Amino acid sequence: MSIRVRFAPSPTGYLHIGGARTAFYCHVLAKATGGKYILRIEDTDLERSTKEYEQAMIDDLKWLGITHDEGPDVGGEYAPYRQSERLDLYQSFVDQLLEKGQAFYDFCSEAELEQMSKDHIEKGTPAYTGKWREQEHWDEAKKRVAAGEKTSVRFKVDPTKSYSIEDGVRGHVEFPAGMVGDFVIMRSNGLPTYNFCNVIDDNAHKINHVLRAEEHLNNTVRQLMVYEALGFEVPKFSHLSIMIGSDRQKLSKRHGATSVNLYREMGFLPEALNNYLCLLGWSHPEEKSIFTKEDLYQVFDDTRFNKSPAMYDIEKLKWTNSQHLRELSEDELLAHAKEVLPSDGLFHSHNEEWQRACLSLLLDKIQVITEVEELLVHYFNNTEIQDNDASKEIMSWETTPQIATYLKEQISNVSDENVSAEQFNEWMDYCKKELKIKGKPLFMGFRFCLTGQDHGPDLKQLIPLLPKKSLLERVSKVSQ
RNA sequence: GCUCCCAUCGUCUAGCCCGGUCUAGGACAUCGCCUUUUCACGGCGGUAACAGGGGUUCGAAUCCCCUUGGGAGUACCA
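Residues numbered from 1 in each chain as written. Chains lettered and ligands numbered in written order. Predicted model: local features only at pLDDT ≥ 70, side-chain atom pairs only at ≥ 80, totals over all residues. Heavy atoms only, no water.

### Describing the overall build of chain A
Just so we agree on the cut-off: Strands are runs of DSSP state E lasting at least 2 residues, helices are runs of H or I lasting at least 4, and numbering of each runs from the N terminus. Every radius of gyration here is taken over C-alpha atoms, with the globule rule written as 2.2 Å times N^0.38, N being the number of residues. Burial classes: relative accessible area under 20% of the type maximum marks a residue as buried, over 50% as exposed, and values in between as partly exposed (1.4 Å probe, protein chains only). We call two residues contacting when some pair of their heavy atoms lies within 4.5 Å.
Within chain A, the regular secondary structure consists of 20 helices and 11 strands. A compact globule built from 480 residues should have a C-alpha radius of gyration of about 23 Å, whereas chain A, at 31 Å, is more than 25% larger. By residue count, 49% of the 480 residues in chain A fall in the buried class. Residue pairs at least 24 apart in sequence account for 74% of intrachain contacts in chain A once pairs closer than 6 positions are excluded.

Next up, the structure:
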């Protein structure tokens, strides 16, 4: 039987990188096994779910290339794929459980519920101790409902029964009896809760393998109860390790950029984000660290997940991005730069020939494409002279003022807006032959006078790309 | 509190299931060297880990138990 997996986000915010990782695993697992990957939108939290977020999530997934076989936007055999369009189905199962006595109407007040929850946490009493779980009150409950009173429905948990699963990554997991109390399956506003509709949809959508984050592991016991009560076949579960921040806590907004669209804006390549995220909790069988999702279609398997939490490290993401950047053809790189770099910036203000020269020069200096514009802004507009140990050393050489004085004069005499490569070569030759400067003092002297820094791209290629004006300003400062 | 989960270099991890080939391998970061008449890229090398304690065994990173530490859940959120 072929695999059917799903990614089931709630459209209550932008796609999170943790969600992107889960979706990526689902997509790749389906592709690698000839199965299907389904996208389902879990929008039963009316207050927080929006259509805008749903669309944003679909867009982000699309940008990442994590395509699904079935979903709200593409349809499929088991449509609909949006929970807000499946409410009748949930209602019918609620009715069924009510009928069988496996669920009950609950009329406890908010204050009562609050007290129960408090006692549960502080004293270890059962999570729900209301009287409505007892059959003797059910007739009264039905009357109140018939009279039009709105109320929630709870699943009646058997406190003597324990459950267990054979988790795809955790192995055997035991959930002891009494672990959870009677939980709400239908809110008083008529909308079902996650632990209930998730089960119904996974069954209806014929999902046979659930890949999700570890934070859902404890929920599994509630879902197991629903599976049992409804007579559904239980799928295989694989609970992926969570992603944590540098403080070892679950990754969240306070750790910085956590949504995919931010990485898109920051100029990361989607294949790099996928690649990096994939390695947070999974390892390549040949220990490769750079690959595309297409490479994974051949080798991905669900036995290589890591159980322990993985710390998110943007430095390694940047390195991964730099590796993918270098895999790009010249045309792809140009297209990427054009798309990402600001349209009113320095890069876009030049012609394509210049842009290509600029990219080939800067490629091995950068990890993310946006750094190109940053470097250009620096070379064009920043005429400040770097002040550190390296610059002090360069300034201490007696040859540096000689170079500066010479260059200042030469640049002043250039009539064009730019310095040509030929002119640059002549100046170097002059300093070498006439001023007898060579090696480090020569190159570093030129670099420092012209760029104000002790490091940077190849000078011969860089200088012709820069405006004469900013070169002159810098060299004037050095020659003072 | 209770329940569940986790534990190899600073970080991501391989190895663990099926004990010996592990004086624990790779990658990021870091340091050094080489290359580059400069800077970088690249190449080479170094520092750096089996949380602790008990077992089992001829032999344990690998199996068992305990301790410690960390995380998640404990909602009419998902």
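Let's pick the thread back up.
### Considering the sheet that holds strand β4 (residues 152-155)
What counts, and what does not: When DSSP finds at least two bridges between two strands, those strands are taken to pair. All axes are obtained by fitting lines to C-alpha atoms, using only the stretch in contact for helices, and the reported angles, taken between N-to-C directions, cover 0 to 180 degrees.
Read from one edge to the other, the open sheet built from 3 strands follows the order β3-β4-β7, with strand pairing classed as antiparallel. The sheet is open, and its two edges are formed by β3 (103-106) and β7 (184-186), each paired on a single side. Sheet twist, expressed as the average angle between the axes of neighbouring strands with direction ignored, equals 45°. Relative to β7, β4 runs antiparallel, the two being bridged by 2 bridges. For V153, the partnering residue across the bridge sits in β7 and is M186.

### Overview of the nonpolar core
So the rule is basically this: In these notes, a set of buried Ala, Val, Leu, Ile, Met, Phe, Trp, Tyr and Cys residues joined through side-chain atoms within 4.5 Å is what counts as a nonpolar core. Throughout, the edges of the domains are those of an automatic or database domain assignment.
Membership of the largest hydrophobic core comes to 50 residues, with the highest contact counts inside it found for F347, V372, L376, L407 and F446. Of all the secondary-structure elements, those providing two or more residues to this core are α12 (330-340), α13 (352-362), α14 (370-381), α16 (399-413), α17 (421-433), α18 (439-451), α19 (459-462) and α20 (468-479). Of all the elements, α18 adds the most residues to this core, at 6 residues. Residue contributions to this core reach at least three from each of two domains, namely domain 2 (341-379) and domain 3 (382-479). Discounting chain neighbours no more than four positions away, the residues touching L407 are W427, F446, C449, L450 and V475.

### Re empty space enclosed by the protein
This is how the line gets drawn: Here a cavity denotes a set of grid points, spaced 1 Å apart and computed over the protein atoms alone, in which a 1.4 Å probe fits but from which it cannot get out, and a pocket denotes an open set meeting protein on both sides within 12 Å along at least five of seven lines; residues with an atom within 4 Å of a point are reported as lining. Grid points are joined across faces, edges and corners, and a volume is the space filled by probe spheres set on the points. Nonpolar residues are Ala, Val, Leu, Ile, Met, Phe, Trp, Tyr, Cys and Pro. Charged residues are Asp, Glu, Lys and Arg, and all others, Gly as well, are polar.
Under the counting rule described, the total for this entry stands at 1 cavity of 30 Å³ or more. Approximately 60 Å³ is the volume attributed to the largest cavity. If you trace the largest cavity, you find it lined by L98, A103, F104, Y105, W138, A141 and K142. Class assignment for the residues of the lining of the largest cavity results in 6 nonpolar, no polar and 1 charged.

### Here's the deal with the protein's contact with RNA strand B
Quick note on the threshold: If a single non-hydrogen atom of a residue is within 4 Å of a molecule or strand, that residue counts as near it. Any pair of N or O atoms that falls within 3.5 Å is considered a polar contact. Within protein, one atom must be able to donate a hydrogen and the other to accept it, and sequence-neighbouring residues count only if both atoms are side-chain atoms.
The full set close to RNA strand B counts 60 residues, and R187, Q249, E287, M444 and G456 are the nearest of them. Between RNA strand B and H120 there is a distance of 2.6 Å, counted from a sugar or linking oxygen to a side-chain nitrogen or oxygen. Between RNA strand B and K250, the relevant distance is 3.1 Å, taken from a phosphate oxygen to a side-chain nitrogen or oxygen of the residue. Elements supplying a minimum of two residues to the surface near RNA strand B: α4 (110-123), β4, β6 (171-175), β11 (310-311), α11 (314-327) and α18. For the surface near RNA strand B, the element with the highest residue contribution is α18, accounting for 5 residues.

### Brief notes about the side chain of H137
When you line up the elements, H137 lands in the loop between α4 and α5 (138-146). H137 sits in the buried class, given a relative accessible area of 17%. Contacts of H137, omitting those with residues within four sequence positions, involve K131 and W132.

### Concerning the pattern of salt bridges
We count it as follows: We define a salt bridge as a contact between a side-chain nitrogen of Lys or Arg and a carboxyl oxygen of Asp or Glu at a distance within 4 Å.
All told, the structure shown has 27 salt bridges when counted by the stated rule. With its nearest N and O atoms 3.6 Å apart, the salt bridge here joins R170 to E214. In this pair, R170 is assigned in the loop between β5 (163-167) and β6 and E214 in the loop between β8 (209-213) and α7 (220-230), connecting sequence segments 44 residues apart. Classification of R170 as buried rests on a relative accessible area of 18%.

### So, the domain arrangement of chain A
By a widespread convention, an interface's size corresponds to the accessible area lost as its parts come together. To be explicit about the condition: Buried area counts how much accessible surface, traced with a 1.4 Å probe, disappears from two parts once they are put together, with both parts' losses summed.
Here the domain parsing of chain A yields domain 1 (87-237), domain 2 (341-379) and domain 3 (382-479). Listed by partner, the interface residues are 10 residues for domain 2 and 13 residues for domain 3. Contact between domain 2 and domain 3 buries roughly 1,100 Å² in total, counting both sides, with carbon and sulfur atoms accounting for 62%. For the side of domain 2 that touches domain 3, the elements supplying multiple residues, two or more each, are α13 and α14.

### Regarding the packing of aromatic side chains
Applicable threshold: Aromatic pairing here means that ring centres of Phe, Tyr or Trp (its six-membered ring) are within 6.5 Å. Orientation follows from the plane angle: under 30 degrees is stacked, over 60 is edge-to-face, and everything else is tilted. Should the NZ of a Lys or the CZ of an Arg lie within 6 Å of a ring centre and within 35 degrees of the ring normal, that charge is described as sitting over the ring.
All chains considered together, the criterion is met by 16 aromatic pairs. Between the aromatic rings of F93 and F232, the centroid separation amounts to 5.6 Å while the plane-to-plane angle is 80°, which identifies the pairing as edge-to-face. Taken together, the residues F93 in helix α3 (residues 87-100) and F232 in the loop between α7 and β9 (236-240) connect sequence positions 139 residues apart. One exposure class covers both F93 and F232, and it is buried. Ring geometry for W354 and F380: centres 6.3 Å apart, planes at 75°, overall edge-to-face. A residue pair is termed long-range when its members are at least 10 positions apart, and W354 in helix α13 and F380 in helix α14 qualify at 26 residues. Here the two residues W354 and F380 agree in accessibility, since each one is buried. The ring of F107 has R144 sitting right over it, with the charged end atom 4.2 Å from the ring centre.

### With respect to the environment of R474
Take R474: it is sitting in helix α20. Sequence-wise, R474 and C449 are 25 residues apart; in three dimensions their C-alpha atoms are separated by 6.3 Å. Non-local contacts of R474, meaning those with residues more than four positions away in its chain, are made with H378, Y379, N382, T383, E384, I385, C449, L450, T451, G452 and L466. Within polar-contact distance, the side chain of R474 engages the backbone oxygen of L450 at 2.7 Å.

### Overview of the layout of surface pockets
Its boundaries defined by the atoms lining it, the largest pocket holds a volume of some 1,300 Å³. Lining the largest pocket are 39 residues; nearest its centre among them are P9, S10, H16, E215 and H216. The element that contributes the greatest number of residues to the lining of the largest pocket is helix α1 (residues 17-33), accounting for 4 residues. Residues that form the lining of the largest pocket fall into these classes: 14 nonpolar, 15 polar and 10 charged.

### Here's the deal with the pairing of strand β1 (residues 4-7)
Quick note on the threshold: Orient the strands so they point away from the viewer; a crossover is then right-handed if the path from the first strand over the helix to the second runs clockwise.
A two-sided burial pattern is seen for β1, the buried positions comprising R4 and R6 on one face and V5 and F7 on the other. Here 4 bridges tie β1 to strand β2 (residues 36-39), and the two strands are oriented parallel to one another. From the neighbouring strand, R4 faces β2, where its bridge partner is K36. Between the parallel pair β1 and β2, the chain is carried across by α1, and the sense of this crossover is right-handed.

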